[in-house]
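The primary structure of each chain is shown beneath.
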Amino acid sequence: MKQFLKGLVEWKTSACMIFTAAIFFYLFFCWVYGTREVSTTMLWTLFWASAAASLIQAVCFSDWIIKKMRYTRRSLLFVLLFLPTLTLAAWKGGWFPMEQTGAWAVFLGMFFLTFVGMTIGFDIYFRITGRKYDGLLGQYRREKEEKGE
């Protein structure tokens, strides 16, 4: 039960962060297109898409369900699960007209640019923290050798 509650809190936190980022995307495009009102339909679809993204992220990038899988495959699985979910939210939420192929192309482009940007960001973060821990491990080993253990 404790593990379930911990996972639920992590999911909620992730969903909130994703929702906040989605709202900033929405605000940016409101600014670009001069929109001055907020659609409750947009807010709800962004909320549900954020909740789904958080759940899909937990499935793909933790050992909750998938115990062993390379990061590249996890990333591809995330795209395969989340892109249709987000596309459905965009379609059902009426984020832009179905017949505007240019809008859908921008939507797909923004999805992949964001995905690539976040992937690069996580890669840099993991490399930096990996170096940090490698340095700490080396320091620990040197101290242990100095003590003669």
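In what follows, the structure referred to is the one given above.
Residues numbered from 1 in each chain as written. Predicted model: local features only at pLDDT ≥ 70, side-chain atom pairs only at ≥ 80, totals over all residues. Heavy atoms only, no water.

Draft legend 1. How the structure looks around the pattern of salt bridges. With the rule as written, the count across this model stands at two salt bridges. Among the ionic pairs, K6 bridges to E10, the shortest N-O distance being 3.9 Å. A residue pair is termed a helical-turn pair when its members lie 3 or 4 positions apart in one helix, as K6 and E10 do in helix α1 (residues 2-33) at four residues. Take K6: its relative accessible area is 48%, and that puts it in the partly exposed class. Judged by its relative accessible area of 47%, E10 is partly exposed. A salt bridge links R127 to D123; the nearest nitrogen and oxygen atoms lie 2.9 Å apart. Pair noted here: R127 and D123 are both in helix α4 (residues 101-146), with a separation of four residues, about one helical turn. (Salt bridge = Lys/Arg side-chain N within 4 Å of Asp/Glu carboxyl O. Helix = DSSP H or I, 4+ residues; strand = E, 2+ residues; numbered from the N terminus. Buried < 20%, exposed > 50% of the residue type's maximum accessible area, 1.4 Å probe, protein only.)

Draft legend 2. A look at the packing of aromatic side chains. Considering all chains together, one arrives at 16 aromatic pairs under this definition. With 6.3 Å between their ring centres and 80° between their planes, F19 and F47 make a pair best called edge-to-face. Within this pair, whereas F19 is found in helix α1, its partner F47 is found in helix α2 (residues 40-61), the two being separated by 28 residues in sequence. Since its relative accessible area comes to 24%, F19 is described here as partly exposed. An angle of 70° between the planes, with centres 6.3 Å apart, marks the rings of W95 and F107 as edge-to-face. One end of the pair, W95, is in the loop between α3 (71-93) and α4; the other, F107, is in helix α4, with twelve residues separating them in the sequence. We classify F107 as buried; its relative accessible area is 10%. (Phe/Tyr/Trp six-rings, centres within 6.5 Å; stacked < 30°, edge-to-face > 60°.)

Draft legend 3. A look at the nonpolar core. Judged by nonpolar contacts, the single largest core of 24 residues is most densely connected at L46, F82, L86, W95, F96 and F107. Elements supplying a minimum of two residues to this core: α1, α2, α3 and α4. Residues in contact with L46, not counting those within four places in the same chain, are F19, A22, I23, Y26 and W95. (Core = buried A, V, L, I, M, F, W, Y, C linked by side-chain atoms within 4.5 Å. Contact = heavy atoms within 4.5 Å.)

Draft legend 4. Spatial organisation of the environment of W31. With respect to the secondary-structure elements, W31 resides in helix α1. The exposed category is assigned to W31, whose relative accessible area is 67%.

Draft legend 5. Quick peek at the environment of M98. Note on placement: M98 falls in the loop between α3 and α4. Filtering out sequence-adjacent residues up to four positions away, M98 remains in contact with W91 and W104.

Draft legend 6. Here's a closer look at α1. For α1, built from 32 residues, the straight-helix expectation of 46 Å at 1.5 Å per residue is met to within 8% by its first-to-last C-alpha distance of 46 Å. When we look at burial in α1, the residues that qualify are S14, A15, A22, I23, Y26 and C30. Contacts made by the buried residues of α1 are with α2. (Expected span 1.5 Å × (residues − 1).)

Draft legend 7. Here's a closer look at the packing of α2 against α3. Here α2 crosses α3 at 165°, and the two axes come no closer than 10 Å. Relative to α3, the element α2 is oriented roughly antiparallel. Considering only the axes of α2 and α3, their crossing is right-handed. Residue-level contacts link T41, T45, A49, A52, A53, I56, Q57, C60 and F61 of α2 to Y71, R74, S75, L77, F78, L81, F82, T85, L86, A89 and G93 of α3. Residue classes in the contact of α2 with α3 are distributed as 13 nonpolar, six polar and one charged. (Axes fitted to C-alpha atoms, helices over the stretch in contact; angles between N-to-C directions. Parallel < 35°, antiparallel > 145°, perpendicular 65-115°, else oblique. Left-handed = near helix turned anticlockwise from the far one by under 90°. Nonpolar A, V, L, I, M, F, W, Y, C, P; charged D, E, K, R; others polar.)

Spatial relationships are all this shows, so hold off on functional conclusions.
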